[in-house]
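An overview of the molecular structure
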Amino acid sequence: MNNPVACITLDVQSDAESLIRRYRSLRDDGTIRRPVKNFTRFDDTGKAIFLAAFELFNHTGSLPRDPSATAILAVDRDGALMNNTAYFENYVQNGRTMGSPNDFIYTLPTSVCAELGIYYGLRGQLLYMSSAEDDLYGFGVGQARTLVSEPHHRAVLLFVNDSDTIQAAFITPQFGAKHES
Amino acid sequence: MVPVKISYIDVVTPLGEGTETFYREVARKEIAISKNTRFDCSAFRSDRAALVPGISKNGKTCVAQMFDMLAERRGRTFPGDTRLIFAATVGEIENLENAVLNDGSKGPGSTLLSTASRLAESLELEKPPYVVSAACASAAAAVDRAKSLIRCGEERSVLVASADCVSEFVFSGFSALMALDREAARPFDENRDGLTAGEAAGFVLLEAATDVQKDGFYITGSGFSSDANHMTGPSRDGSGLAKAVASAVESAGLKPGSVDFIAAHGTGTRYNDAMEIKAYKTVFDTPCPMFSLKGAVGHTMGNAGLLQLAVAVESMKNRTVPPSTGLSCVDEESAGWVTERSVAVDSNHALIVNAGFGGINSALVLSRGICE
């Protein structure tokens, strides 16, 4: 039970410019109806996670039925390393007197989950996890299953970033997997 | 449902090592906040911080030194099949700081997962470790994950280890956000003006229990939500936190009136504390004794929930809820809730509440000798 209702895979070997071009293209064709605040500030993983979310919802044809009970789980191996490095390099270059508040808010591994929650109005749990397990996607699905087994969550939006690939899945307590691609 | 018992809990804090020592110092209203001597603060909004005594520049990170203290106190003996969950916001961020300052690299070894792997190896735990991060609710989220993994039968024993330290990285960020109080933090005070950076580490071992013991301590409920409102500021009406608190109480099979006290998040920022008290007033019909530790040891970031859990356990053992440190003039909205002095409470159920960046809200229910 608790198989992903939908799952998509997104190759994220692209650089930041390619991700931004892809975002603009999705904006132009109407897939992304509202602009994403601070999209260009996200690191490459954050940009790719947002794009994966758009593709996932485009694939399923709808947003989660109960936004207040939909959790977001992000899984990878590096956390916010790229954003942390960028924030601290910028702080050092500016003479170690003042950090950028707009960069600082993206130094947590849950920052992009929070932006996704704000964008889609999802008000369930926001969580980042990592593991040394070889199968990181299997680990993420397993954790998502235990999240939806709790009474206050009806769905989990899962993003797993491993080996330059993002896998996004929508997991509910319902049986069955469909819409996989 | 399998009862999830707290088999062991220990902390290293700016007010000393061990849960008994920490509780005693908090009950005495001791304050560990003083001038930050770890790095130059002259450019920042505040030069105050709460540092753990005995941490030195010896080549090991602050987090590693705090974990060494905890491991030494325990004697490094945990069941070999214990699953480690490391909880933090930025963890061993000094590795990244040093790398950027010294050679311009990205700081190998500065990821949360690398810290978790090193700790698991030093404690001789066989299973690959997990990492949980949920801003300043990281420790609470890790305890909840541990509870779920034990209840669903995947794990029998889970060690939650959490730690964050006072670093130039975090200090500069909160200073830029104008979130630091120039003096020591004053949670729930009328004149509160921000948070104070603090550091701490803790271990809590959670295990599947075969039965419920009268004097045992159990995690019986949890609730989580997000505001979906703003990246740094909480929802002004406290509705997100109220939802998490109500879910936690309900999942423990309780009514709000059964909660005996609240170990509150209480950062000392104007918006957090105002939001928090609004949330409690939404859920509870009558005031419930509530305290914050952050006027004593500052905001210990991802570790905050574990410190609150430790003090909640000791409060139940001692049948006394400690005072909230840093109060001189209680905020009107918090009057009747926040404890100005120790309060004798023969308690069975406590709430541990946290909130964090991104609008993350969490609540855990700690119960003595009772399970659903």
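All values reported here derive from a predicted model rather than from experimental measurement.

Here the focus is the overall build of chain A. The secondary structure content of chain A amounts to 6 helices and 5 strands. Seen in sequence order, chain A has helices and strands lined up from the N terminus as β-α-α-β-α-α-α-β-α-β-β. Relative to the globule expectation of 16 Å for 181 residues, the C-alpha radius of gyration of chain A, 16 Å, shows essentially globular dimensions. Along the three orthogonal principal directions, the C-alpha set of chain A runs to about 55 × 40 × 30 Å. Buried positions account for 56% of the 181 residues belonging to chain A. Considering only contacts in chain A between residues 6 or more positions apart, those separated by 24 or more positions represent 73%. With the model as given, the accessible surface of chain A reaches about 7600 Å², and the carbon-plus-sulfur share is 45%. Across chain A, 16 positive and 21 negative side-chain charges occur, with their mean positions spaced 10 Å apart.

This part is about the sheet that holds strand S4 (residues 48-50) of chain B. Residue and element names in this part refer to chain B. Read from one edge of the open sheet, 3 strands run S3-S4-S8, paired in mixed fashion. Bordering the open sheet on either side are strand S3 (33-35) and strand S8 (197-198), each of which pairs with just one other strand. In this sheet, S4 lies alongside S3 in antiparallel orientation, the contact comprising 3 bridges. Considered in S4, the bridge of Ser34 is made with Ala49.

Next up on the list: the pattern of salt bridges. In the structure shown here, the tally under the stated rule is 29 salt bridges over all chains. For the salt bridge of Glu133 of chain A with Arg83 of chain B, the shortest nitrogen-to-oxygen distance reads 3.4 Å. Here Arg83 of chain B lies in strand S5 (residues 83-87) and Glu133 of chain A lies in the loop between strand S3 (126-131) and helix H6 (136-148), a pairing that spans two chains. According to the relative accessible area criterion, Glu133 of chain A is partly exposed, its value standing at 24%.

Bringing the domain arrangement of chain B into the picture now. Accessible area lost on assembly of the parts is the figure often given for the size of an interface. Residue and element names in this part refer to chain B. By the assigned domains, chain B splits into domain 1 (4-208) and domain 2 (217-368). Between the C-alpha centres of domain 1 and domain 2 the distance comes to 19 Å. Listed by partner, the interface residues are 64 residues for domain 1 and 64 residues for domain 2. Three residues stand out in domain 1 for area buried against domain 2, namely Tyr23, Phe188 and Arg192, and they jointly supply 19% of the buried area on that side. At the boundary of domain 1 and domain 2, one finds 2 salt bridges. One salt bridge in this structure joins Arg192 and Asp273, with 3.7 Å as the shortest N-O distance. Across the domain 1-domain 2 interface, the total number found is 23 residue pairs in polar contact (both at pLDDT 80 or more). Of all elements in the fold, only strand S1 (4-13), helix H1 (19-27), helix H5 (138-151), strand S7 (157-164), helix H6 (168-176), S8 and strand S9 (200-208) reach the threshold of two or more residues within the side of domain 1 that touches domain 2. Considering each element in turn, the side of domain 1 that touches domain 2 owes the most residues, 8 residues, to H5.

Let us now look at the nonpolar core. What tends to happen in soluble globular proteins is that the nonpolar side chains get buried as a cluster. Judged by nonpolar contacts, the single largest core of 169 residues is most densely connected at Ile6, Phe67, Val160, Phe203, Leu206 and Leu366 of chain B. The greatest single-element share of this core, amounting to 9 residues, is contributed by helix H2 (residues 44-60) of chain A. Ignoring sequence-local partners within four residues, the contact set of Leu206 of chain B consists of Val4, Lys5, Ile6, Val143, Ala146, Ile150, Arg156, Ser157, Val158, Val160 and Ile219 of chain B. Counting 28 residues, the second largest nonpolar core, distinct from the first, contains Leu254, Ala264, Val330 and Ala363 of chain B.

If you trace the backbone, Asp10 of chain B turns up in strand S1. Using a relative accessible area of 3% as the deciding quantity, one classes Asp10 of chain B as buried.

Basis of the calculations
- Residues numbered from 1 in each chain as written.
- Chains lettered and ligands numbered in written order.
- Predicted model: local features only at pLDDT ≥ 70, side-chain atom pairs only at ≥ 80, totals over all residues.
- Heavy atoms only, no water.
- Helix = DSSP H or I, 4+ residues; strand = E, 2+ residues; numbered from the N terminus.
- Rg over C-alpha atoms; globule rule 2.2 N^0.38 Å.
- Buried < 20%, exposed > 50% of the residue type's maximum accessible area, 1.4 Å probe, protein only.
- Contact = heavy atoms within 4.5 Å.
- Areas by Shrake-Rupley, 256 points an atom, 1.4 Å probe, with all protein chains shown as cover.
- Lys, Arg positive; Asp, Glu negative; His and termini not counted.
- Charge placed at Lys NZ, Arg CZ, Asp CG, Glu CD.
- Pairing = 2+ DSSP bridges.
- Salt bridge = Lys/Arg side-chain N within 4 Å of Asp/Glu carboxyl O.
- Domains from an automatic or database assignment.
- Buried area = accessible area lost by both parts, 1.4 Å probe.
- Polar contact = N/O pair within 3.5 Å; in protein donor to acceptor, adjacent residues only side chain to side chain.
- Core = buried A, V, L, I, M, F, W, Y, C linked by side-chain atoms within 4.5 Å.

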